[in-house]
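Architecture at a glance
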Amino acid sequence: MRRALAALGVGVGLLGSAVVSTPAQAASAVMAPLASNVPAAQQVAAFWLADGGANLRNATPYAVQTVVQGERASADVVPDGKPGTVPPSQDVFPKKVKGPTTSGKVFFVGADGQPHWCTGTAVQSAYRNVVATAGHCAFDTEGAAGTLGALGKWVFVPGYSDGKTPGVLYVGRQAATHFDFGVYGHYDRDVAFVTVFNGVVSSSSGVLTDGGRLGDNVGGQGLAYNQPTASSVDVFGYPAGPNPDGTRPYTGQTLERSTGSTFAMGLRDLPANQSVGVESAFTGEGSLGSSWLYRYSGDTRTGYLNGITISVSDTDGDNRYDTSVSPYFDGEVLAVYSEATGLQTGSIA
């Protein structure tokens, strides 16, 4: 990573285009506008949908902070309160695809000016318009020193696979992350919740048609916080990068799943005090932002989001990744989520 936010002493006021606000609960959230009005959102949609979705097809998996050196910690994580959950959507969707309908790819333009993608997932909210991903898949940690604005031209495409033009595309309006990540670069808070406008569908003439709210179309996962480690979770994402030995077990074109138990994780090369790991063979590029679903049901294809992949690790030294890493979801993650879910969006068509 080209810069460390803490070392650069990022200010507590305005962070580029980001604005700091404090919710009623203990945590603070950094909020950054993505496409702040309808004309801007229309331009973002046109960028990705032009030429039959050429920029979507040409995007590469984001390769920022994909690998971390870590090991199982001797001490467990410390919850900041009682365990709790936010229930998932109760909608029932046809089983047209394998896995949860809520999973997809988030696309954006990075600091290098090129299109990239991570994994994202729709989560339940009052306005049915929120996507969860890794914090550094929404906020630009590679940009100019002293700023932490949002990544450019941010969109979410649920169910995206095999380079096909998406049925519905959702433009991001605002990103929220924890103050400790947004200001100090603490990676045990590397989680973002992004509100999106109604989806859009492009006609052959390029005219945008309203595709409805995200949650109405694909549902939304619940949220679990302050849960004990050793809980089993199902990880859903689009891994694409190589192992250290050069093997490429995944293509990034289809949604993949792995299952394992969580455990406290100690990281040697990232500032993070409350990290958790899960046994998973996912490679790093592409799987950033993968959802960790607690109590996932194959019948309803819903569960409770209890982690987000921010990096992967080879803990046994065999040159193949065996662990995905996430911040521990506690009450402060709940507070950022609650702040993000309060924004109503609407149509851009």
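Our subject is the structure that appears above.
These numbers come from a predicted model, not from an experiment. (Residues numbered from 1 in each chain as written. Predicted model: local features only at pLDDT ≥ 70, side-chain atom pairs only at ≥ 80, totals over all residues. Heavy atoms only, no water.)

**Topic: the nonpolar core**
- In terms of nonpolar packing, the biggest core is built from 59 residues, with Trp154, Phe193 and Leu305 touching the most fellow members.
- Counting 22 residues, the second largest nonpolar core, distinct from the first, contains Ala59, Val157, Leu169 and Leu208. (Core = buried A, V, L, I, M, F, W, Y, C linked by side-chain atoms within 4.5 Å. Buried < 20%, exposed > 50% of the residue type's maximum accessible area, 1.4 Å probe, protein only.)

**A few points about helix α5 (residues 331-340)**
- Within α5, eight of the 10 residues are buried, leaving the element largely enclosed by the surrounding structure.
- Of all the residues in α5, the buried ones are Gly331, Glu332, Val333, Leu334, Ala335, Val336, Tyr337 and Ala340.
- Taking the backbone nitrogen of Glu332 as reference, a side-chain oxygen 3.1 Å away marks Asp330 as the first, capping residue of α5. (Helix = DSSP H or I, 4+ residues; strand = E, 2+ residues; numbered from the N terminus. Polar contact = N/O pair within 3.5 Å; in protein donor to acceptor, adjacent residues only side chain to side chain.)

**Points about the pairing of strand β21 (residues 323-327)**
- Within β21, five of the five residues are buried, which leaves the element mostly enclosed by the surrounding structure.
- Because side chains alternate across β21, one face comprises the buried residues Thr323, Val325 and Pro327, and the other comprises Ser324 and Ser326, equally buried.
- The sheet contact formed by strand β17 (residues 275-279) and β21 spans five bridges and is antiparallel. Following the sheet pairing, Ser275 is matched in β21 by Pro327.
- Judged from the three bridges that link them, strand β20 (residues 311-313) and β21 form a sheet pairing that is antiparallel. Each residue of the ladder has a partner; that of Ser313, found in β21, is Thr323. (Pairing = 2+ DSSP bridges.)

**Re the side chain of Asn198**
- Along the chain, Asn198 falls in the loop between β11 (191-196) and β12 (199-202).
- For Asn198, a relative accessible area of 13% corresponds to the buried category.
- Here Asp210 takes part through its side chain, which lies 3.2 Å from a polar atom of the side chain of Asn198.

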